[in-house]
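What follows is each chain in one-letter form.
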Amino acid sequence: MKKHGKNYVEASKLVDKSKVYSVDEALKTLKSLKKRNFDETVEVALKLNIDAKKTDMSIRNSVVLPNGTGKSKKILVVTKMAAKDAKEAGADYVGDMDMIEKIEKENWFDFDVIVATPDMMAALGKIGKILGPKGLMPNPKLGTVTTNVKTAIENIKKGQVEYKNDSYGNVHALFGKLSFSEEALKENLTTIVKEIIKNKPNGVKGTFIKNISISSTMSPGLKIDVNEF
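Please read these numbers as outputs of a predicted model, since none were measured by experiment. (Residues numbered from 1 in each chain as written. Predicted model: local features only at pLDDT ≥ 70, side-chain atom pairs only at ≥ 80, totals over all residues. Heavy atoms only, no water.)

J.: Help me understand the pattern of salt bridges in this model?
T.: Side chains that differ in sign of charge can pair as their charged atoms come close. Applying the stated criterion across every chain, the model contains seven salt bridges. Residues Lys19 and Glu25 are paired through a salt bridge, measuring 3.4 Å at the closest nitrogen-oxygen approach. What makes Glu25 partly exposed here is its relative accessible area of 35%. A salt bridge links Glu195 to Lys198, with the shortest nitrogen-to-oxygen separation between them at 3.4 Å. (Salt bridge = Lys/Arg side-chain N within 4 Å of Asp/Glu carboxyl O. Buried < 20%, exposed > 50% of the residue type's maximum accessible area, 1.4 Å probe, protein only.)

Put into structure tokens, the structure is as follows:
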């Protein structure tokens, strides 16, 4: 049985696990919990009515949060055709085969996301076994394989988050920091949930979202009313 830390246990006393909260109530409760010595991340977890074993039921995409994530990301752009655009847009690292070799030979991962132009995908594919397990392989669905690297970089800097289902049909995504206002968190949360609803697979029968809960880094989950979305 998993043993929770003291902070989690303290927070649990203030959360009614049997209750289905409104979004406003849940956010207010999260923000009322004892503050830690760091700015906690706030996350949403959705249980979806999908068969995760079927590829046509998979959920994977990205969305730009209207109020950002509260986290900055280091961006590596791998390109030959758009290096100038990438540098002008504020990429942290820009290169082509030199960057790929650095990752492969030096085990270099001083970045959070890779944006690549299509001309580099064959070369990146050769180190897919290195990038894939770390969730770093660029993907057209996520907007990280593109000829328009400026827009891709801008979106990431604005607060783009990726989401995908796990093998149990759950989707987890961060939607801000506990220091954000309740209004900003609600707007971000609504954006994510509506985006996932919009990408509902055609084969889903009946209710798509079984339940939703939100939590901060040090808190238990609070169930929220699916009908609000």
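Having put the structure on the table, let's press on.
J.: Explanation requested: the packing of helix H2 (residues 23-32) against helix H8 (residues 182-198) in the structure shown.
T.: Any two packed helices are characterised by the angle at which their axes cross and by the distance between the axes. As a packed pair, H2 and H8 sit with axes 10 Å apart at the nearest point and diverge in direction by 125°. In terms of orientation, H2 lies oblique with respect to H8. Considering only the axes of H2 and H8, their crossing is right-handed. Of H8, the residues touching H2 (which contributes Val23, Asp24, Leu27, Lys28 and Lys31) are Glu182, Leu185, Lys186 and Leu189. A class-by-class count of the residues in the contact of H2 with H8 yields four nonpolar, no polar and five charged. (Axes fitted to C-alpha atoms, helices over the stretch in contact; angles between N-to-C directions. Helix = DSSP H or I, 4+ residues; strand = E, 2+ residues; numbered from the N terminus. Parallel < 35°, antiparallel > 145°, perpendicular 65-115°, else oblique. Left-handed = near helix turned anticlockwise from the far one by under 90°. Contact = heavy atoms within 4.5 Å. Nonpolar A, V, L, I, M, F, W, Y, C, P; charged D, E, K, R; others polar.)

J.: Any chance you could explain the layout of surface pockets here in plain terms?
T.: Space inside the largest pocket adds up to approximately 560 Å³. Taken together, 24 residues make up the lining of the largest pocket; nearest its centre are Lys73, Asp112, Gly135, Val161 and Glu162. When contributions to the lining of the largest pocket are tallied by element, the ones reaching two or more residues are strand S5 (113-116), strand S6 (160-164) and strand S7 (170-177). Ranked by the residues each element gives to the lining of the largest pocket, the list is headed by S6, at five residues. Across the lining of the largest pocket, the residue classes tally to 11 nonpolar, six polar and seven charged. (1 Å grid on protein atoms, 1.4 Å probe; cavity = no way out; pocket = protein on both sides within 12 Å on 5 of 7 lines; lining within 4 Å. Points joined across faces, edges and corners; volume = space filled by probe spheres on them.)

J.: Quick question: what am I supposed to make of the sheet that holds strand S4 (residues 93-95) here?
T.: For sheets, the rule is that strands pair by backbone hydrogen bonds, running either parallel or antiparallel. Reading across from one edge, S4-S3-S5 is the order of the three strands in this open sheet, with parallel pairing throughout. Both outer strands of the open sheet, S4 and S5, are each paired with one neighbouring strand and no more. Put simply, the sheet's adjacent strands are angled 20° from each other on average, direction ignored. Bridge count for strand S3 (residues 75-78) against S4 is three bridges, and the pairing is parallel. In the strand pairing of S4, Val78 is matched with Gly95. (Pairing = 2+ DSSP bridges.)

J.: Would you take a moment to explain the nonpolar core for this structure?
T.: One broad trend across soluble globular proteins is that nonpolar side chains are buried collectively. Core analysis: the largest hydrophobic core is formed by 36 residues, its most contacted members being Val44, Leu46, Leu48, Phe175, Ile192 and Ile214. The set of elements that each furnish at least two residues to this core consists of H2, strand S1 (41-48), S6, S7, H8, strand S8 (209-216) and strand S9 (222-224). With six residues, the single largest contributor to this core is H8. Setting aside its immediate chain neighbours within four residues, Ile192 contacts Val44, Val63, Leu65, Val161, Ala173, Leu174 and Phe175. (Core = buried A, V, L, I, M, F, W, Y, C linked by side-chain atoms within 4.5 Å.)

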